[in-house]
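Spelled out, the chains give:
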Amino acid sequence: MEMFVYSRAAIERVPPHDVPHVIISITSSRSDRARLPPSEHCRGVLRLTFLDADQAVDGHAEEDLFSAEQADQIWDFVLGQRGAIARVVVHCDAGVSRSPAVAAALAKTLTGSDAQFFARYRPNMRVYRTLMNRYHERLGGFAE
């Protein structure tokens, strides 16, 4: 399974993927929705809202950060489509931290390597750790 990472600007202008895929759309505010390209090959879109931070600072509360519940949503979404998709497309505002963290955790678990995401991007470690911890706590019994 392939993982693609985009910024908000890039996901809104790239041609739609031509293989079965899902999209994880990450924004910083609930009222903000990326304009995703329509595609007959898209099997679903998961829209999440959380800040690009490791801890609550500058007036932002813990509930504004990536949560275990959101990690569970990602795992349920991707694993629920696993046999029907060839790609996971993930975007966030800049395409540098949150979306690469999601892609890295998915890649590590589903393909065995997250190296390309750590070499090219700066994954948000709260997102990465939370996804990996929730996978092992909740889903670790699934054979790869």
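The structure contained in this document is the topic of the report that follows. Just so you know, these numbers come straight off a predicted model, no measurement behind them. The numbers attached to residues start from 1 for each chain and follow its sequence in the written order. For this predicted model, a pLDDT threshold of at least 70 governs which residues receive local features, and a threshold of 80 or more governs which side-chain atom pairs are given and counted, while totals over whole chains, interfaces and linings are taken from all residues. Working from all heavy atoms in the structure, the side-chain values ignore hydrogens and water.

1. Re helix α2 (residues 68-81)
Spanning 14 residues, α2 covers 20 Å between terminal C-alpha atoms, matching the ideal 20 Å at 1.5 Å per step. Note on exposure labels: buried denotes an accessible area under 20% of the residue type's maximum, exposed denotes more than 50%, and partly exposed covers the range between, all computed with a 1.4 Å probe on protein chains only. The secondary structure listing takes helices from DSSP runs of H or I that are at least 4 residues long and strands from runs of E that are at least 2 residues long, numbered from the N terminus. Every buried residue of α2 is listed here: Gln70, Ala71, Asp72, Ile74, Trp75, Phe77 and Val78. Residues of α2 that are buried make contact with β2 (21-27), β3 (42-49), β4 (87-92), α3 (98-110) and α5 (125-139). Each residue after the first adds 1.5 Å to the expected span of a helix. In what follows, a contact means two residues having at least one pair of non-hydrogen atoms within 4.5 Å.

2. What to know about the pattern of salt bridges
Basic side-chain nitrogens of Lys or Arg form a salt bridge, by our definition, when they fall within 4 Å of a carboxyl oxygen of Asp or Glu. Counted by the stated rule, this structure contains nine salt bridges. A salt bridge links Glu12 to Arg8; the nearest nitrogen and oxygen atoms lie 2.6 Å apart. Linking Glu12 with Arg8, this pair stays in helix α1 (residues 8-13), spanning four residues, or about one helical turn. The buried category is assigned to Arg8, whose relative accessible area is 16%. Among the ionic pairs, Arg138 bridges to Asp72, the shortest N-O distance being 3.5 Å. Residue Arg138 is found in helix α5, and its partner Asp72 is found in helix α2; the two are separated by 66 residues along the sequence.

3. Describing the packing of α2 against α5
Closest axis-to-axis distance for the α2/α5 pair is 9 Å, and the angle between their directions is 70°. Judged by the inter-axis angle, α2 sits roughly perpendicular to α5. Between α2 and α5 lies a crossing of right-handed hand. Contact with α2, carried on its side by Ala68, Ala71, Asp72, Ile74, Trp75, Asp76 and Leu79, involves Thr130, Leu131, Arg134, Tyr135, Arg138 and Leu139 of α5 and no other residues of that element. Amino acids are sorted into nonpolar (Ala, Val, Leu, Ile, Met, Phe, Trp, Tyr, Cys and Pro), charged (Asp, Glu, Lys and Arg) and polar (every other residue, Gly among them). Counted by class, the contact of α2 with α5 contains eight nonpolar, one polar and four charged residues. Geometry is summarised by axes, namely lines fitted to C-alpha atoms with helices restricted to the contacting stretch, and by angles between N-to-C directions that run from 0 to 180 degrees. Our angle categories are set so that under 35 degrees counts as roughly parallel, over 145 as roughly antiparallel, 65 to 115 as roughly perpendicular, and the remainder as oblique. What makes a crossing left-handed is the near helix being turned counterclockwise from the far one by less than a right angle; a clockwise turn instead makes it right-handed.

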